[in-house]
Amino acid sequence: INNFISCHNSPSYSYGIYSNNNIYINFYHNSVNVTDGNSSYGYAFYATSGNNITLQNNIFANTKTSGGYAIYSNSTSNISASDYNDLYSEGSNLGYWSGNRIDLSAWKTSSGKDANSVSSDPGFASDTNLHAYAAACDGQAIPIASITDDIDGDVRDGSNPDIGADEFDGTP
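Residues numbered from 1 in each chain as written. Predicted model: local features only at pLDDT ≥ 70, side-chain atom pairs only at ≥ 80, totals over all residues. Heavy atoms only, no water.

Undergrad: Hey, could you go over the environment of A135 for me, with residue numbers and the actual values?
TA: As for its position among the elements, A135 is in the segment after α1 (104–111). Residue A135 is classed as exposed on the basis of its relative accessible area, which comes to 65%. Considering only alpha carbons, one finds A135 and T63, 72 residues apart in sequence, at a separation of 18 Å. (Helix = DSSP H or I, 4+ residues; strand = E, 2+ residues; numbered from the N terminus. Buried < 20%, exposed > 50% of the residue type's maximum accessible area, 1.4 Å probe, protein only.)

Undergrad: Break down unusual backbone geometry for me, with residues and values.
TA: A positive phi is found at N21, a non-glycine position, where the angle reads about 60°. Position of N21 relative to the elements: it lies in the loop between β2 (14–19) and β3 (22–28).

Undergrad: Outline the sheet that holds strand β8 (residues 69–73), supporting the account with residue identities and numerical values.
TA: With mixed pairing, 5 strands are arranged side by side in an open sheet as β2-β5-β8-β11-β12. Two strands close off the open sheet at either side, each with one partner strand: β2 and β12 (100–101). As paired elements, β8 and strand β11 (residues 95–97) share 3 bridges and run parallel to each other. Residue I71 lies in a different strand from β11, and its bridge partner there is G95. Contacting β8, β11 and β12, α1 crosses the sheet at an angle of about 20° to β11. (Pairing = 2+ DSSP bridges. Contact = heavy atoms within 4.5 Å. Axes fitted to C-alpha atoms, helices over the stretch in contact; angles between N-to-C directions.)

Undergrad: Before we move on, can you summarise the packing of aromatic side chains with the specific residues and values?
TA: According to the stated counting rule, one finds 16 aromatic pairs in the structure shown. Summarising the aromatic geometry, the rings of Y43 and Y46 are spaced 4.3 Å apart at their centres and angled 20° between planes, so their arrangement reads as stacked. The exposure class of Y46 is buried, given its relative accessible area of 10%. Each ring, one from W97 and one from W107, has its centre 5.5 Å from the other, and the planes form 80°; the classification is edge-to-face. On the criterion of sequence distance, the pair formed by W97 in strand β11 and W107 in helix α1 is long-range, its members being 10 residues apart. For the pair W97 and W107, a shared accessibility class is recorded, and that class is buried. (Phe/Tyr/Trp six-rings, centres within 6.5 Å; stacked < 30°, edge-to-face > 60°.)

Undergrad: Report on the side chain of N57, specifying residues and quantitative values.
TA: With respect to the secondary-structure elements, N57 resides in the loop between β6 (50–56) and β7 (59–62). Among all residues touching N57, those that are not within four sequence positions of it are H29, N30, D83, Y84, N85, A141, I142, I144, I163 and G164.

Undergrad: Got a sec to walk through the sheet that holds strand β10 (residues 86–89)? Specific residues and values, please.
TA: Judged by pairing direction, the sheet is parallel, and its 4 strands sit side by side in the order β1-β4-β7-β10 without closing on themselves. Strand pairing shows two members of the sheet lacking a second neighbour, β1 (4–7) and β10, which therefore form its edges. Strand-to-strand twist across the sheet, computed as the mean angle between neighbouring axes with direction ignored, equals 5°. Pairing of β7 with β10, which is carried by 4 bridges, proceeds in the parallel orientation. Its bridge partner being in β10, A61 is matched across the sheet by Y88.

Spelled out as structure tokens, the structure:
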């Protein structure tokens, strides 16, 4: 909950969040930015096995210009719920769910998930400072009763919190 995860300076494999054989785990309000790894092995979120994984109110971004994935699931049974996320990749594939998915529409169709998610450059302050300023993330999450503040200790909006680890006002 409420983590900034920045991956850079790796020439090959790069995993923002690597979920391996996890069962009943929730990932809420994280901001992940992958700027490295090669186009086949750069993942903001990577689930190899497990089940009942919930992804909600996260930013999973791969801002490496040569590609990589925002989200990658080896099995269609790993992720049980995923919504109100910002899934963004500057590469040719947004995610992998029983095959490569080039954009959010293809991801939603194949996975049946992320009905209220967006795919927008989160506008991070820098590659490593993951305070986001994108209008697409501002007020677009869903409240989680047990999460009342953000990574900086700022109070989250009780009705319309922001996607990602930081609650912001929409301006840099």
